[in-house]
Every structure is written in C-alpha cells, then in structure tokens.
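Survey of secondary and tertiary structure
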Amino acid sequence: MIPTRDGVGPSTVGLPGGSWPTVIDFFLERFPTVDREVWLQRMRDGLVLDEQALPVPPDAVYRPHTRLYYYRHLPQEPRIPFKAQVLYQDDHLVVVDKPHFLPTVPAGRFVQESLLVRLKQSLGIDSLAPLHRLDRETAGVTLFAIQPAERGLYHALFKQRNVHKHYEAIAPWRDGLPAVYRSQIVPGEPFFRYREAPGEPNSETHIQLMELHGDWARYQLSPVTGRTHQLRVHMAALGVPIRNDRFYPEVVNIADDDYSAPLQLLARFIAFTDPISGQPRAFQSRQALTV
C-alpha cells in the first residue's frame, strides 16, 4: 500500500521495455514539460517510490517492466474559498454536500484544493474513494466509500442503475420540452467538452418543470445514465442551456478564480438500497439555486 501525503495519493507510471540508462532519462522523455531539476528534487525529497514503497534515488538505474509512484506538487495552487458539508458518515460511507467550483478529485491545477483531498485530511481516512463524480462547476450530494473491499458493491449500484438521482437546474423557460430525452454523447472539442452524435442513444435524461420565474424556469433533471456532462449537453441541445454554463452551447473563457456566476446545476437528491446493511438510504443537498 503506497501511502498518501497530505491527503494526496501518488500517481503511477509503468516502465516499459527500453534503453534509458536511468530513471531520470525516462522521466524526461515521458514527461517533457517537467524539468530535470524538478525530478531530482522530488527524488531527494523522497517523493518518487518503487513498488516496495521505497524512495528512488536520483541516480537510480532504469529497470523495465516495473512500476514507480510519484507525488504531484503544485507550489502555487490557488485556494478555493468554499467548504463542503458532511451530511452523513458511518463505517462504510461518507456523504458530502459539495460546493460549486470545488473539484471532486485532484485534476489539472487542483490537488490539495479538491474535495477528496480535503476530506482525507479533515476526516483522517486515507482509504476514502469517490463512488461517482460531480463536475467542478456542479454542486450537491456526492458519495465516498471508506472500505476498499466494499467499493465494488457500491459501484455495482451505479452500473446496474439502482441509484436514483435528481438534479435541479435553472434554465430558460421553453414550452414543449420532452419528458424524456435520449441521445448519443461522445467526446468533443476542445478535450473538456462533449457533443451529441448520430447513432444509438447512450444517454437518457428525464425532465420535469418545477416552477417558473419569468423567462427562467427551475427544472428537475433525473439522469438514467451517467455520461460526463450529460445534463449540460442535453439541456443545451434542447435550446435551454443551464444558466451560467461556460462550456455549453459555446465555451466562455472565465478565470478559474472568478466565482461570480456559479453554474445553476445542483445534485439535489440521491437514494439507493445500501448493499452492506440492506437499508434504504436517501440524502438531500442543503444548498439552493438562485433564479
């Protein structure tokens, strides 16, 4: 078991067959944007480990068909000024109300400033793992497993569509929206966007009007499938993009530290039968969207 550091688990890289004389030589080719001195300092600091969790020295000889682990470091990581709230915790689950703008897991510029790392640090649970992920821009209820041996049981609930999820969204009012919308969603351009394509649908969303506020409406969106950005793609395709969506229908360039207009999408409710206890579980966000 490779340990976490400050709540952050290591990244891993496999060493393929090749003729690199040292580990550093391989790293410089494998990660061309990271300078030699950065890798040397990480090794001096014990931040590169072998399969036995032992530090790899700066002059380590390259050994193919093995695996190394390294810890990412972002010295100027921006602080995200919003806090998550733990809604429920037992020996198996942690249920959290995630704020807008906080990534669920480390990604890109954010490592310490991710929900997973914050929870590991505040709860002292290194084994914590997300059971599903909300976009950085989306707020609401998200689940984490505590016991590694139980993750598969919870993941099976999502795979078998035995988890019932309801989202709320603020979007333009339009009469005649379908109660059920299906389409095929595929990766788009740029890399962080998705798009619809011809073909057999791989996504399904149920749509229900909750209330009207002039030209805006509050909708309940219930995804049957769990495609990345599914609700955002579907609402944009229907001509009612979710309020403050900076990816759909077009990309709007806004600084990461501009918190003035959060995406009006909230994971409001989640329910399932717990595979460990057999008891029904239901959790609801305490946050609210603004019209």
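Refer to the structure above for everything that follows.
Structure report, in brief. (Residues numbered from 1 in each chain as written. Predicted model: local features only at pLDDT ≥ 70, side-chain atom pairs only at ≥ 80, totals over all residues. Heavy atoms only, no water.)

Take the overall build of the chain next. Broken down by element type, the chain carries 5 helices and 14 strands. The dimensions of the chain, computed from C-alpha atoms along their principal axes, are 65 × 45 × 40 Å. Counted over contacts in the chain with a minimum sequence separation of 6, partners at least 24 positions apart contribute 61%. Put simply, the chain shows about 15000 Å² of open surface, and 50% of that area lies on carbon and sulfur atoms. (Helix = DSSP H or I, 4+ residues; strand = E, 2+ residues; numbered from the N terminus. Contact = heavy atoms within 4.5 Å. Areas by Shrake-Rupley, 256 points an atom, 1.4 Å probe, with all protein chains shown as cover.)

What follows covers the pairing of strand 3 (residues 66–70). With 5 bridges connecting them, strand 1 (residues 11–15) and strand 3 associate as antiparallel partners. Across the sheet, Thr12 pairs through a bridge with Tyr69, a residue of strand 3. Direction of pairing for strand 2 (residues 48–49) relative to strand 3: antiparallel, over a ladder of 2 bridges. Paired with Val48 across the two strands is Tyr70, which belongs to strand 3. (Pairing = 2+ DSSP bridges.)

Positionally, Glu137 belongs in the loop between strand 6 (129–130) and strand 7 (139–145). Accessibility expressed as a relative area gives 9% for Glu137, which makes it buried. A distance of 3.3 Å separates polar atoms of two side chains, one belonging to Glu137 and the other to Arg232. Setting aside residues up to four positions removed in sequence, Glu137 forms contacts with His100, Phe101, Arg232, Arg246, Phe247 and Leu263. (Buried < 20%, exposed > 50% of the residue type's maximum accessible area, 1.4 Å probe, protein only. Polar contact = N/O pair within 3.5 Å; in protein donor to acceptor, adjacent residues only side chain to side chain.)

To continue, consider helix 5 (residues 230–237). For helix 5, a buried count of 7 out of 8 residues is recorded, marking the element as mostly surrounded by other parts of the structure. Gln230, Leu231, Arg232, Val233, His234, Met235 and Ala236 are the residues of helix 5 that are buried. Structurally, helix 5 contributes buried residues whose contacts are with strand 8 (164–172), strand 9 (180–187), strand 10 (194–197), strand 11 (203–213), strand 12 (216–223) and strand 13 (265–273).

In this section: the packing of helix 1 (residues 23–30) against helix 2 (residues 36–44). As a packed pair, helix 1 and helix 2 sit with axes 10 Å apart at the nearest point and diverge in direction by 130°. Taken together, the axis directions place helix 1 and helix 2 in an arrangement best described as oblique. As for how helix 1 packs across helix 2, the hand of that crossing is right-handed. On the side of helix 1, the interface is formed by Val23, Ile24, Asp25, Phe27 and Leu28, while helix 2 contributes Arg36, Trp39, Leu40 and Met43. For the contact of helix 1 with helix 2, the class distribution of residues is 7 nonpolar, no polar and 2 charged. (Axes fitted to C-alpha atoms, helices over the stretch in contact; angles between N-to-C directions. Parallel < 35°, antiparallel > 145°, perpendicular 65-115°, else oblique. Left-handed = near helix turned anticlockwise from the far one by under 90°. Nonpolar A, V, L, I, M, F, W, Y, C, P; charged D, E, K, R; others polar.)

What follows concerns the side chain of Ser183. Locating Ser183 in the fold gives a position in strand 9. One polar contact links Ser183 to His234, side chain to side chain, over a distance of 3.1 Å. Filtering out sequence-adjacent residues up to four positions away, Ser183 remains in contact with Glu196, Pro201, Asn202, Ser203 and His234.

Okay, unusual backbone geometry next. Of note, the amide linkage connecting Glu189 to Pro190 takes the cis form, showing an omega dihedral of -10°. Here Pro190 shows up in the loop between strand 9 and strand 10. Here the residue pair Tyr248 and Pro249 is connected by a cis peptide bond, since its omega of 5° sits within 30 degrees of zero. On the secondary structure map, Pro249 appears in the loop between helix 5 and strand 13. Unusually for a residue other than glycine, His65 sits at a positive phi of about 65°.

As a further point, take the sheet that holds strand 3. An order of 1-3-2 is seen for the 3 strands of this open sheet, with the pairing classed as antiparallel. This sheet does not close on itself; its edge strands, each paired only once, are strand 1 and strand 2. Against the sheet, helix 1 engages strand 1, strand 2 and strand 3, with an angle of about 110° to strand 1.

Further remarks concern the pattern of salt bridges. Tallied over the full model, the rule gives 16 salt bridges. Among the ionic pairs, Glu37 bridges to Arg44, the shortest N-O distance being 2.9 Å. Its relative accessible area of 46% is what places Glu37 among the partly exposed residues. Among the residues examined, Arg44 registers a relative accessible area of 47% and is labelled partly exposed. Note that Arg281 and Asp90 form a salt bridge whose closest N and O atoms lie 3.5 Å from each other. In this pair, Arg281 sits in strand 14 (residues 280–284) while Asp90 sits in the loop between strand 4 (85–89) and strand 5 (93–98), placing the two residues 191 residues apart along the sequence. For the pair formed by Arg281 and Asp90, the shared burial category is buried. (Salt bridge = Lys/Arg side-chain N within 4 Å of Asp/Glu carboxyl O.)

Further remarks concern helix 1. What helix 1 keeps buried is the set Val23, Ile24, Phe26 and Phe27. Across the axial projection of helix 1, the buried residues extend over an arc of 160°, all falling on one side. Packed against the buried residues of helix 1 are strand 1, helix 2, strand 2 and strand 3. (Arc of directions from axis to C-beta.)

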